[in-house]
Amino acid sequence: MLPRLVLKDQWAATAYNTSNIRSRVTQSCHLHQLPPRIRGKPLLSDAFNSVKFEAENVGSHAASRFHGGLCFVHTRLLRHRQALCLLASIVFISFVPAAMASGEVQEIILLHTNDLHGYLLPFVVDGETRGGFARLASVVRAYRHEYPDQVLWLDAGDAWHGSNLANFTVGRSVVDVLNVAGLDIMVLGNHEFNFTQQDVLDRVSEAAFTVLAGNVVVAETGGTFLPVPTLVDVGGVAVGILGLVSPDTPTLSHPRNSEGLEFLDPIVAARSLAAQLANDVDLVIAVTHIGLEYDRLLAEAVPEIDVIVSGHSHTQLDEPEVVAGTLIVQAFEWGKYLGVLHLVVDAEGIVDYDGYLVPITAEIPEEPAVAAAIAEWQAHLDARLNAAIGETLVDLDADAVRIRESNLGNVMADLMREHIGADIAFINSGAIRRSIPAGPITFGDIYEVHPFHNTIVGLELTGEQILAALENSVLHYPETSGRFLQVSGLSYAFDPNKPPGERVISVRIHSATDHPDGEPLRLDRVYRVALPDFIAVGGDDYDMFADSPVFFGSPTEGGAYLWDILASYIELASPIKPEVEGRIQIIAD
């Protein structure tokens, strides 16, 4: 086995002052004096030409996104280091790494993360403090100190959406902190598209690291949305890196955010990209956000790929998985671990390897510059998020919201229906992200329950469309699925033993009658239905709603945010005590 770094010995040996990590940022954009490069042209050259670094440029257009006019624009946080990195990219424009000579052997370290979901701060899991970007960066620093010029940090997507600190800043805080921490390359995840397409491009232009999305093209022109493969030199090893995004992104995120883009089959795209790289590099690495099962297929289908840095499935691979000679690594989620892949490489490829996960725990000291950057952003959120707005007398349960009725789901569906005067309301359970324990409720709690920019839309739907929607809701049961609907104004029963598409056995409408049992759903009748805009435009495969008449709001133009409506309800109705009422019944043998 290759020797592993003893991290506890490294903290004293690498006790740099704050300025060291900031200077590392300017190095990260050219990877230890040798920059990421698309052959013959600068990365994101068009974006670079249009980027401005004036303080007032920091996302003032996003002000309307925040509750009560809340806008977290930090005029100091788009730092001058980005301009330095762009300059470095231009200076090294002609660089193309040279492949290794016969008989030459080199060691390199690939550090990898995935599905960070904006968890900049540490969090508690089963009584243990885990994660936090400042501690993660401290481990990265230790490896860079021990292996100068031999380390490459790759991230497999879903980095800048998920936590309050990420979402309230439209991802800016995460990109800024990753700049300080020294990330080298990442691929877009589907959750990056929870923000608008322009937001994605803005974050990419602000990043001091390279962002890839090799299978995403502009439908009208066929051109790539972002640059495709990247060539880098790591410790004398020529590495070609391609990035692949989930082809389900248009349905996993709000469809309007990927409008005009085409997400190509990752395997088809990878074959082409890997072929461009294979003859000119020592290693081909795919950084993917498609999930482990898809990555296994990718490894079998594209033998030119040597390593797959995987994301999307939130899988904890304690050691590399080998499929058809390709190494696959993934580091679980939220920065709980830093993945390490130690490679020995010669001109023919990988000759030895060791892969493992480093737990990010409270024993690891924080990197001061990264901690300071996080604190700057956090200071702008704390006062508003920590203010109590109401109270619940019972736990608001979202733990199993994707497979059964939930009292929290009932609250959200009810307020949607009442807010627009609808007969029925549906909310996809993927929009309900966490429980709230009994006691005070803060706006931060509300935002963590629903960290999306969803608005309420009212559609006129036939009973036939409603039945089709309920069938889609239980399509994957008993697997957990974000498409599983929480409901208001109706109740239904389904039999999971029946074939998909034939599982719903009864639907009762309660909003149009005072009878406690309601009345049967009529397939030919038109009902007024409240929905989050995400599923109103076909998200989670609710395409049966397409082209339906709109009686409230707009599926594509935005409106009042669901988190605002939920917060207002909590403020007015507290204390609340919602119950599970038998709206969803599961018939079992």
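The coordinates are above.
Below, the structure is looked at part by part. If you're wondering where the values come from, they're calculated on a predicted model, not measured in any experiment. (Residues numbered from 1 in each chain as written. Predicted model: local features only at pLDDT ≥ 70, side-chain atom pairs only at ≥ 80, totals over all residues. Heavy atoms only, no water.)

1. As for the overall build of the protein
So, step 1. Each helix and strand in the protein was counted, giving 18 helices and 27 strands.
So, step 2. Considering the protein as a whole, with its 589 residues, one finds that 59% of them fall into the buried category.
So, step 3. In the protein, once contacts between residues fewer than 6 apart in sequence are set aside, the share between residues at least 24 apart is 76%.
So, step 4. As displayed, the protein offers around 22000 Å² of accessible surface, 50% of which is attributable to carbon and sulfur atoms. (Helix = DSSP H or I, 4+ residues; strand = E, 2+ residues; numbered from the N terminus. Buried < 20%, exposed > 50% of the residue type's maximum accessible area, 1.4 Å probe, protein only. Contact = heavy atoms within 4.5 Å. Areas by Shrake-Rupley, 256 points an atom, 1.4 Å probe, with all protein chains shown as cover.)

2. A short note on the sheet that holds strand β16 (residues 349–359)
So, step 1. A sheet is described by the order of its strands in space; here 6 strands give the open sequence β6-β5-β4-β1-β15-β16, paired in mixed fashion. Both outer strands of the open sheet, β6 (210–212) and β16, are each paired with one neighbouring strand and no more. Mean inter-strand twist for the sheet, computed between neighbouring axes without regard to direction, equals 20 degrees.
So, step 2. Sheet topology note: the strand β5 (residues 185–187)/β6 ladder contains 3 bridges and is parallel. When the sheet's bridge partners are listed, V187 is paired in β6 with L212. (Pairing = 2+ DSSP bridges. Axes fitted to C-alpha atoms, helices over the stretch in contact; angles between N-to-C directions.)

3. Some details on the nonpolar core
So, step 1. With 115 residues, the main nonpolar core has Y143, L188 and I241 as its most contacted residues.
So, step 2. Broken down by element, the residue count for this core peaks at 8 residues, all from helix α5 (residues 133–146).
So, step 3. Excluding its chain neighbours within four sequence positions, the residues that come into contact with Y143 are L5, L7, I109, L111, V151, V340, Y356 and V358. (Core = buried A, V, L, I, M, F, W, Y, C linked by side-chain atoms within 4.5 Å.)

4. Structural notes on the environment of G243
So, step 1. With respect to the helices and strands, the residue G243 is situated in strand β9 (residues 237–245).
So, step 2. Among all residues touching G243, those that are not within four sequence positions of it are V187, L212, A213, G214, N215 and V287.

5. Topic: unusual backbone geometry
So, step 1. A cis amide bond links Y477 to the next residue, P478, at an omega of 10 degrees.
So, step 2. Relative to the helices and strands, P478 resides in the loop between α16 (463–473) and β21 (485–488).
So, step 3. With an omega dihedral of -5 degrees, the bond running from S574 to P575 counts as a cis peptide bond.
So, step 4. With respect to the helices, strands and loops of the structure, P575 is situated in the loop between α18 (562–573) and β27 (584–586).
So, step 5. Positive phi outside glycine occurs at D540, with the angle close to 60 degrees.
So, step 6. Within the secondary structure, D540 is located in the loop between α17 (533–536) and β26 (550–552).

6. Points about the side chain of H450
So, step 1. One can find H450 in the loop between α15 (443–449) and β20 (456–462).
So, step 2. Using a relative accessible area of 0% as the deciding quantity, one classes H450 as buried.
So, step 3. Each residue touching H450, except ones within four places of it in the same chain, is listed here: M412, A431, L562 and W563.

7. Some words on the pattern of salt bridges
So, step 1. All told, the structure shown has 17 salt bridges when counted by the stated rule.
So, step 2. Residue E206 is joined to R203 by a salt bridge in which the shortest nitrogen-to-oxygen separation is 2.8 Å. Taken together, the residues E206 and R203, both in helix α8 (residues 197–206) and 3 residues apart, mark about one turn of the helix. Accessibility classification places E206 together with R203 in one group, the buried group.
So, step 3. The shortest N-O distance in the salt bridge between D533 and R256 comes to 3.2 Å. With D533 in helix α17 and R256 in the loop between α9 (249–252) and β10 (261–263), the pair connects residues that are 277 residues apart, well separated along the chain.
So, step 4. When its relative accessible area of 26% is taken as the criterion, R256 is described as partly exposed.
So, step 5. Through salt bridges with shared partners, a single network forms among E293, R296 and E321. (Salt bridge = Lys/Arg side-chain N within 4 Å of Asp/Glu carboxyl O.)

8. Re helix α7 (residues 172–181)
So, step 1. When you tally the buried positions in α7, you get 10 out of 10 residues, the bulk of the element.
So, step 2. Within α7, burial applies to R172, S173, V174, V175, D176, V177, L178, N179, V180 and A181.
So, step 3. Looking one or two residues beyond α7, the residue adopting positive phi is G182, at roughly 95 degrees.

9. Concerning the side chain of S473
So, step 1. Mapped onto the elements, S473 comes out in helix α16.
So, step 2. Using a relative accessible area of 2% as the deciding quantity, one classes S473 as buried.
So, step 3. Apart from residues lying up to four places away in sequence, S473 is in contact with R483, F484, L485, Y492 and Y542.

10. Section: the packing of α5 against helix α12 (residues 368–379)
So, step 1. Relative to each other, α5 and α12 sit at 160 degrees, their axes nearing to 8 Å. With respect to α12, the axis of α5 lies roughly antiparallel. Here the hand of the crossing between α5 and α12 comes out right-handed. Here F133, A134, A137 and R141 of α5 lie close against α12, whose contacting residues are P368, V370, A371 and I374.
So, step 2. For the contact of α5 with α12, the residue count by class is 7 nonpolar, no polar and 1 charged. (Parallel < 35°, antiparallel > 145°, perpendicular 65-115°, else oblique. Left-handed = near helix turned anticlockwise from the far one by under 90°. Nonpolar A, V, L, I, M, F, W, Y, C, P; charged D, E, K, R; others polar.)

11. Overview of helix α10 (residues 266–278)
Since the α-helix advances by 3.6 residues per turn, residues separated by three or four positions end up pointing in the same direction.
So, step 1. Between its first and last C-alpha atoms α10 spans 17 Å; for 13 residues at 1.5 Å apiece the expected length is 18 Å, and the two agree.
So, step 2. The complete set of buried residues in α10 reads P266, I267, A269, A270, L273, A274 and L277. Down the axis of α10, the sector holding all buried residues measures 150 degrees, keeping them to one side.
So, step 3. Measuring from the backbone nitrogen of I267 back to the side-chain oxygen at the start of α10 gives 2.8 Å, which picks out D265 as the cap. (Expected span 1.5 Å × (residues − 1). Arc of directions from axis to C-beta. Polar contact = N/O pair within 3.5 Å; in protein donor to acceptor, adjacent residues only side chain to side chain.)

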